[in-house]
Amino acid sequence: MKVYRTDEIRNVVLLGHGGSGKTSLAEAMAYVSGATSRMGKIADGNTISDFDKEEQKREFSISTSLVPIEWEKAKINILDTPGHQDFSEDTYRTLMAADSAVMVIDGSKGVEAQTRKLFKVCVMRHIPIFTFINKMDRDANDTFDLLDEIEKELGIATCPINWPIGSGKKFRGVYDRNTEKILTFSDTQKGTKEGVIEEIPLSDSRADEIMDPEQKAQLLDEIELLDGASADFDQELVSKGKLTPVFFGSALTNFGVETFLEHFLKMTTSPLPRVSDIGEIDPMDDDFSAFVFKIQANMNKAHRDRIAFMRICSGKFDASQEVYHVQGDKKMRLLQPQQMMAESRHVVDEAYAGDIIGVFDPGIFSIGDTICAPGKKFAFEGIPTFAPEHFARVRQIDTMKRKQFVKGINQIAQEGAIQIFQEFNTGMEEIIVGVVGVLQFDVLKYRLENEYNVDIRLETLPYEHIRWIANKEEVKVDKIIGTSDMKKVTDLKGNPLLLFVNSWSVGMTEDRNPGLILTEFSK
């Protein structure tokens with residue numbers, strides 16, 4: 001892949017409830033663009049973005065994958081995120097690296113719980129939000145009901161760019177509102193380009209061969225209603241995240257994906273500025289800067305290394321130049337810079353603002369770290385750490401493997417997949433793991449066994465609430481008077497925290513310790 005300049009780069013995150021078809025859409029986009037020569041399927045365990053054995057076994061994403069594609073002289077970095085709520089923290093972090101989002105909605109289910117949660121984060125970021133209503137080749141809900149649900153549930157105006165003709169066995173294709181042509185659907189292709197789409201003007205007699213008279217009458221009625229009632233397309237409102245262009249299709253059968261890509265490129269802009277503690281950093285600034293939004297170890301068993309994913313925010317990355325790691329307070333060269341394509345990779349010498357690169361991490365980077373040009377010193381806005389809701393004490397079964405156990409659990413924690421704590425004023429003898437969702441315990445067990453050859457025993461703990469001490473410098477932690485269900489712990493960075501079984505104990509502890517400030521989130 002050639003080196004793309006800032007104005008030629010787009011970063012888009014695919015969001016949606018588990019099972020809505022995000023990975024299938026990423027797969028179809030990669031295939032349509034020519035990045036892959038075949039379309040994999042989740043059920044067959046051969047998609048490019050779900051390359052992890054645990055993902056293939058569960059048939060859903062547990063970690064974000066980067067799938068860059070080339071389309072019409074532009075590079076689109078597709079970030080395929082987990083839809084399962086137990087792995088949503090990875091999705092929230094990835095959103096920080098994106099400049100636009102695609103909400104993938106299952107046409108038969110409409111807006112689901114996880115879509116609502118993720119949408120709220122998008123609104124806070126004020127980025128363009130596109131909607132792809134998927135699985136139209138299966139029986140879907142009424143189209144107007146789907147749009148109404150998006151507007152009422154998510155509070156964003158909709159503008160359908162195309163309109164479906166039927167669904168399920170009666171799905172005949174989509175009507176393009178701009179060209180007034182029908183794009184016909186053929187279920188014969190199943191992931192091949194041949195014989196996919198035929199464009200026919202609605203006024204053409206051939207349109208009557210595709211639709212039965214009832215379908216045509218319904219389509220004409222719906223077009224009239226749409227033209228009179230739906231919001232007009234307004235690029236400014238799209239850019240502000242206040243109007244969502246809506247597309248219909250079927251990712252699994254590769255229908256409607258090419259149309260979506262064509263419109264997406266026209267409706268999005270080059271990378272946006274980033275907020276730092278010295279103000280906004282413009283992508284067109286000459287000085288290099290970037291932040292780490294994801295860390296992943298052992299992605300590829302052939303390499304057995306650790307990769308820090310960086311979003312370049314300004315200037316140009318040059319592999320021969322030194323950079324400054326703000327949190328580590330030292331100059332360095334970024335080692336083995338590479339462009340990622342899911343689990344595969346190739347070395348790069350240069351990259352421009354807006355692009356995403358992976359660099360070798362010897363264990364010095366953390367999620368949210370800022371890297372900038374020597375002589376500069378600022379930090380990008382932090383990436384929140386979400387409060388874990390489930391806790392367990394973790395022990396290795398074979399005491400001779402203590403070294404591998406500590407290394408493995410620390411590396412997985414640095415990726416942000418889990419959070420680890422230790423008893424206040426003790427060492428790593430007792431390790432407590434906190435996770436957002438219980439499935440993360442299964443993934444931890446699997447990874448320690450398969451990547452570090454360590455078997456563990458998990459003992460679940462009753463704690464459900466965690467609080468960081470916001471004014472730790474002003475408080476003597478060992479003097480805090482707590483409740484009987486409270487436990488004092490410290491995190492990886494030595495920050496003191498309090499665990500509680502009951503929510504009311506939080507307020508009671510604050511009342512007993514005047515001046516103590518507790519917070520739910522850490523940055």
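Residues numbered from 1 in each chain as written. Predicted model: local features only at pLDDT ≥ 70, side-chain atom pairs only at ≥ 80, totals over all residues. Heavy atoms only, no water.

Engineer: Just checking my understanding: could you explain the side chain of T244 for this structure?
Structural biologist: Along the chain, T244 falls in strand β11 (residues 243-248). Taking relative accessible area as the criterion, T244 reaches 0% and is therefore assigned buried. Within polar-contact distance, the side chain of T244 engages the side chain of T131 at 2.8 Å. Setting aside anything within four residues of it in sequence, one finds T244 in contact with I129, F130, T131, I150, I156, A157, T158 and C159. (Helix = DSSP H or I, 4+ residues; strand = E, 2+ residues; numbered from the N terminus. Buried < 20%, exposed > 50% of the residue type's maximum accessible area, 1.4 Å probe, protein only. Polar contact = N/O pair within 3.5 Å; in protein donor to acceptor, adjacent residues only side chain to side chain. Contact = heavy atoms within 4.5 Å.)

Engineer: What should I look at first to understand the sheet that holds strand β9 (residues 181-184) in this one?
Structural biologist: Each strand in a sheet pairs with its neighbour through backbone hydrogen bonds, running either in the same direction (parallel) or in the opposite one (antiparallel). Ordered in space as β7-β8-β9-β10, the four strands form an open sheet in which the pairing is antiparallel. Looking at which strands have only one partner, the edges of the open sheet turn out to be β7 (162-165) and β10 (199-201). Recorded for the sheet is a direction-independent mean angle of 30° between the axes of neighbouring strands. Inspection of the sheet shows β9 paired to β10 by three bridges, in the antiparallel sense. (Pairing = 2+ DSSP bridges. Axes fitted to C-alpha atoms, helices over the stretch in contact; angles between N-to-C directions.)

Engineer: In this structure, what is going on with helix α5 (residues 143-154)? I would like to understand it.
Structural biologist: At 3.6 residues per turn, the α-helix brings residues three or four places apart onto the same side. Between its first and last C-alpha, α5 extends 16 Å over 12 residues, near the 16 Å set by a 1.5 Å rise per residue. All buried positions along α5 are accounted for by T143, L146, L147, I150 and L154. One side of α5 holds all its buried residues, which, seen down the axis, span an arc of 95°. On the buried face of α5, the contacting elements are β4 (100-106), α4 (113-125), β5 (129-134), β6 (157-160), β7 and β11. Where α5 begins, one side-chain oxygen reaches toward the backbone nitrogen of F144, 3.1 Å away; that side chain belongs to D142. G155, located one to two residues past α5, shows a positive phi value of around 70°. (Expected span 1.5 Å × (residues − 1). Arc of directions from axis to C-beta.)

Engineer: Help me understand the sheet that holds strand β31 (residues 518-519) in this model?
Structural biologist: Spatially, the eight strands line up as an open sheet ordered β27-β24-β26-β25-β29-β30-β28-β31, and their pairing is antiparallel. Every interior strand has two partners, whereas the edge strands, β27 (456-461) and β31, have only one. Strands β28 (465-469), β29 (486-490), β30 (496-500) and β31 of the sheet are contacted by helix α12 (residues 504-512), whose axis makes an angle of about 130° with β30.

Engineer: Sorry if this is basic, but what is going on with the pairing of strand β2 (residues 65-71) here?
Structural biologist: Two faces, one strand: in a regular strand the side chains alternate between the faces of the sheet. When you tally the buried positions in β2, you get six out of seven residues, the bulk of the element. Here β2 runs beside strand β3 (residues 74-80); their pairing, made up of seven bridges, is antiparallel. Following the sheet pairing, V67 is matched in β3 by I78.

Engineer: In this structure, what is going on with the confidence of the model for the chain? I would like to understand it.
Structural biologist: Predicted coordinates in areas of low pLDDT are best not read in detail. With 90% of its residues at a pLDDT of 70 or more, the chain has an overall mean of 86. The model gives residues 191-195 a pLDDT under 50, and that stretch makes eight contacts with residues more than four places away or in other chains. (pLDDT = per-residue confidence, 0-100.)

Engineer: How do you make sense of the packing of aromatic side chains when you look at a structure like this?
Structural biologist: Between two aromatic rings, the relevant description is the distance of the centres plus the angle of the planes. This structure, assessed with the given rule, holds 15 aromatic pairs. Taking 6.0 Å as the distance between ring centres and 75° as the angle between the ring planes, the aromatic pair formed by F132 and F260 counts as edge-to-face. Taken together, the residues span a long stretch of sequence, with F132 in strand β5 and F260 in helix α9 (residues 257-267) at a distance of 128 residues. The same class applies to F132 as to F260, namely buried. Ring plane angle 50° and centroid distance 5.9 Å describe the contact between F288 and F317, whose orientation is recorded as tilted. In this pair, F288 sits in the loop between β13 (279-281) and β14 (289-297) while F317 sits in strand β16 (residues 316-318), placing the two residues 29 residues apart along the sequence. The burial state of F288 is the same as that of F317; both residues are buried. In textbook terms, an aromatic cluster arises when at least three aromatic residues are bridged by ring pairs, as seen for F130, F132, F247, F260 and F264. Sitting over the face of the ring of Y4, K2 holds its NZ or CZ atom 4.8 Å from the ring centroid. (Phe/Tyr/Trp six-rings, centres within 6.5 Å; stacked < 30°, edge-to-face > 60°. Lys NZ or Arg CZ within 6 Å of the ring centre and 35° of its normal.)

Engineer: Whenever I open this one, the pattern of salt bridges confuses me. Can you help?
Structural biologist: Applying the stated criterion across every chain yields a total of 21 salt bridges. Where E236 meets K240, a salt bridge forms, and the shortest distance between an N and an O atom there is 3.2 Å. We classify E236 as exposed; its relative accessible area is 52%. Judged by its relative accessible area of 42%, K240 is partly exposed. Here the residues in one salt-bridge network are R393, R395, E423, E459 and K487, joined through shared partners. (Salt bridge = Lys/Arg side-chain N within 4 Å of Asp/Glu carboxyl O.)

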